[in-house]
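Chain residues, written in single-letter form:
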Amino acid sequence: MDEALAELKNVSMYFKKGNLKIGAVVDVSLKIYPGEILSLVGESGCGKTTVGKIFLGRLKPTSGEVLFEGKDIWRMSKKEYKEFRPLVQVVHQDSYASLNPVRTVYQTLAAPLQFYKITRTREETEKKVEELLDMVGVIPPRYFMNKYPFHLSGGLRQRVSLARATILKPKLIIADEPVSGVDASLRISVLDVMRRLNKELNIAFLYITHDLATARYFSREGRMAVMYVGKIVETGGINDLIENPRHPYLQALLSAIPVPDPKLAKKKRLLPLRSLDLPSAGHPPSGCRFHPRCPYAKEICEREVPELKDLGNEHRVACHLVEEIPKWALELES
Ligand code: SF4
């Protein structure tokens, strides 16, 4: 594989809340390669948004290194940091909050074009704004240029956010639940726009989501990392992980996806968890953090933290008993 574009090396991020020390991210190592799509999945509160902010340089981790093109972003010179900042952009879940409500679509996109002197005249700016809107499928661009965010659907607002994110020619976009606020019928079209930006502009994506179905759709040739209470528990090629999940947590997530066809739903094997409660990052369980819920837990699980083991083919799993626990498959063919 190529050299990583961005990398977290043994990164931990602790927050203080009164006397409580909350480990939002604990000893996480993660690489994003140039032009790839990496999905980071897990339940709300597992630390995935914090990982995104650390990649962006918005949060300085308590320990560990954050590298971009091989350089630690927290040890960069002012000049190096200034060059790094535009290369990593973010698209948030709430497109309504991230777009200025009193700016038209034209003003939103023209501001960075003019500020960074990418365009110099009104004609050049209009032409560039038209091109950007066309690229993200806001068509016809001239019609939408003078609209305000409240005139647009969630899907169109997210497309405008994506257009704005590409202006400074980023190499990486952190997309944090970008389609959670978009109507279900329009989600695929927004993900298709992101795939086009990935393919045509070679922009790598870190796709942060709790939704395995959209993760598989968006990063179908890419990789996935699964997070649980601040730790990465399984990583690898997304198709391999979904077809052959080895960590009981990923098996449980997959078994909980609803199936619309009642005949197929009957065939689905649910993985029975010992508890439905997600532990708090302020009081994480000892050893394997999944042990209070895991149906296969043994004494070692409570005592020792499992390391990520490579099962081959870049498939890594943090589970002491990975060789023993039964394999699990969707088994939905009729
Ligand atoms: Fe379950 Fe033990 Fe594996 Fe953790 S280490 S996932 S508790 S079997």
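Before reading on, note that the structure itself is shown above.
Analysis parameters
Residues numbered from 1 in each chain as written. Predicted model: local features only at pLDDT ≥ 70, side-chain atom pairs only at ≥ 80, totals over all residues. Heavy atoms only, no water. Salt bridge = Lys/Arg side-chain N within 4 Å of Asp/Glu carboxyl O. Helix = DSSP H or I, 4+ residues; strand = E, 2+ residues; numbered from the N terminus. Buried < 20%, exposed > 50% of the residue type's maximum accessible area, 1.4 Å probe, protein only. Phe/Tyr/Trp six-rings, centres within 6.5 Å; stacked < 30°, edge-to-face > 60°. Lys NZ or Arg CZ within 6 Å of the ring centre and 35° of its normal. Near = heavy atom within 4 Å. Nonpolar A, V, L, I, M, F, W, Y, C, P; charged D, E, K, R; others polar. Pairing = 2+ DSSP bridges. Contact = heavy atoms within 4.5 Å. Polar contact = N/O pair within 3.5 Å; in protein donor to acceptor, adjacent residues only side chain to side chain. Axes fitted to C-alpha atoms, helices over the stretch in contact; angles between N-to-C directions.

Caption draft 1: Fine view of the pattern of salt bridges. For the structure shown, the criterion picks out 20 salt bridges. When the shortest N-O distance is used, the salt bridge between Arg-195 and Glu-221 registers 3.2 Å. Pair noted here: Arg-195 is in helix H8 (residues 184–201) and Glu-221 is in the loop between helix H9 (212–218) and strand E9 (223–228), with a separation of 26 residues, a long-range link. Under the relative-accessibility criterion, Arg-195 is labelled buried at 9%. A residue is classified by how much of its surface remains accessible, and Glu-221, at 56% relative accessible area, is exposed.

Caption draft 2: Geometry of the packing of aromatic side chains. A full pass over the atoms with the stated rule returns ten aromatic pairs. When the centroid spacing of 4.6 Å and the interplanar angle of 55° are considered together, the rings of Tyr-228 and Tyr-249 count as tilted. Pair noted here: Tyr-228 is in strand E9 and Tyr-249 is in helix H11 (residues 248–255), with a separation of 21 residues, a long-range link. Assessed through its relative accessible area of 1%, Tyr-228 is described here as buried. On the accessibility criterion, Tyr-249 (2% relative accessible area) is buried. Ring-pair connections join several aromatic residues into one group, and the members of that group are Phe-68, Tyr-81 and Phe-84. A cation over a ring is seen here: Arg-220 above Tyr-217, with NZ or CZ 4.6 Å from the ring centre.

Caption draft 3: Expanded view of the site of the ligand. In the vicinity of the ligand, the contacting residues are His-247, Pro-248, Cys-288, Phe-290, His-291, Cys-294, Ala-297, Cys-301, Cys-319, His-320 and Leu-321. In the shell around the ligand, the residues fall into eight nonpolar, three polar and no charged.

Caption draft 4: Geometry of the sheet that holds strand E5 (residues 71–72). Read across the sheet, four strands follow the order E2-E1-E4-E5 without closing on themselves; strand pairing throughout is antiparallel. On the outer flanks of this sheet lie strand E2 (20–32) and E5, each paired with one strand and no other. As defined by bridge partners, strand E4 (residues 63–68) adjoins E5 across two bridges and the pair is classed as antiparallel. Paired with Phe-68 across the strands is Lys-71, a residue of E5.

Caption draft 5: Structural view of the pairing of E9. The buried count for E9 comes to six of six residues, which makes it a mostly enclosed element. With burial as the criterion, each face of E9 is covered, one bearing Arg-223, Ala-225 and Met-227 and the other bearing Met-224, Val-226 and Tyr-228. Examined bridge by bridge, strand E3 (residues 37–41) and E9 share four bridges and lie parallel to one another. Paired with Leu-38 across the strands is Arg-223, a residue of E9. In the sheet, E9 pairs with strand E10 (residues 231–237) via six bridges, with the strands oriented antiparallel. From the neighbouring strand, Val-226 faces E10, where its bridge partner is Glu-234. Where E9 hands over to E10, the hairpin turn is made up of two residues, of which Val-229 adopts a positive phi near 40°.

Caption draft 6: Representation of the environment of Lys-48. Relative to the helices and strands, Lys-48 is located in helix H1 (residues 48–56). Judged by relative accessible area, Lys-48 falls into the buried class, the value being 6%. Between the C-alpha atom of Lys-48 and that of Tyr-228, which follows or precedes it by 180 residues, the distance is 9.1 Å. Aside from chain neighbours lying at most four places away, what touches Lys-48 is Leu-40, Val-41, Gly-42, Glu-43, Glu-177, Ile-208, Thr-209, His-210 and Met-227.

Caption draft 7: Region of the structure containing the side chain of His-315. By secondary structure assignment, the location of His-315 is in the loop between strand E11 (309–310) and strand E12 (316–317). In this structure His-315 comes out as buried when scored by relative accessible area, which is 2%. Within the structure, His-315 has its side chain in polar contact with the side chain of Asp-240 (distance 3.1 Å). Contact partners of His-315, with chain neighbours within four places excluded, come to Glu-234, Thr-235, Gly-236, Asp-240, Leu-241, Asn-244, Arg-246, Lys-309 and Asp-310.

Caption draft 8: Examining the sheet that holds E3 more closely. Here eight strands make up an open sheet; going across it, the order is E6-E7-E8-E3-E9-E10-E12-E11 and the pairing mixed. Of all strands in the sheet, those with a lone pairing partner are strand E6 (88–91) and E11, marking the two edges. In the packing of helix H7 (residues 154–166) onto the sheet, contacts are made with E6 and strand E7 (172–176), and the angle to E6 comes to roughly 170°. Strand contacts of H11: E9 and E10, with the helix running at about 100° to E9, the strand carrying the most contacts.

Caption draft 9: Here's a closer look at the side chain of Gln-251. Looking at the secondary structure, you find Gln-251 in helix H11. Exposure remark for Gln-251: the relative accessible area of 1% places this residue in the buried category. At a separation of 3.0 Å, a polar atom in the side chain of Gln-251 contacts the main-chain carbonyl oxygen of Pro-245. Beyond its immediate stretch of four places on either side in the chain, Gln-251 contacts Pro-245, Arg-246, Leu-271, Tyr-296, Pro-326, Lys-327 and Trp-328.

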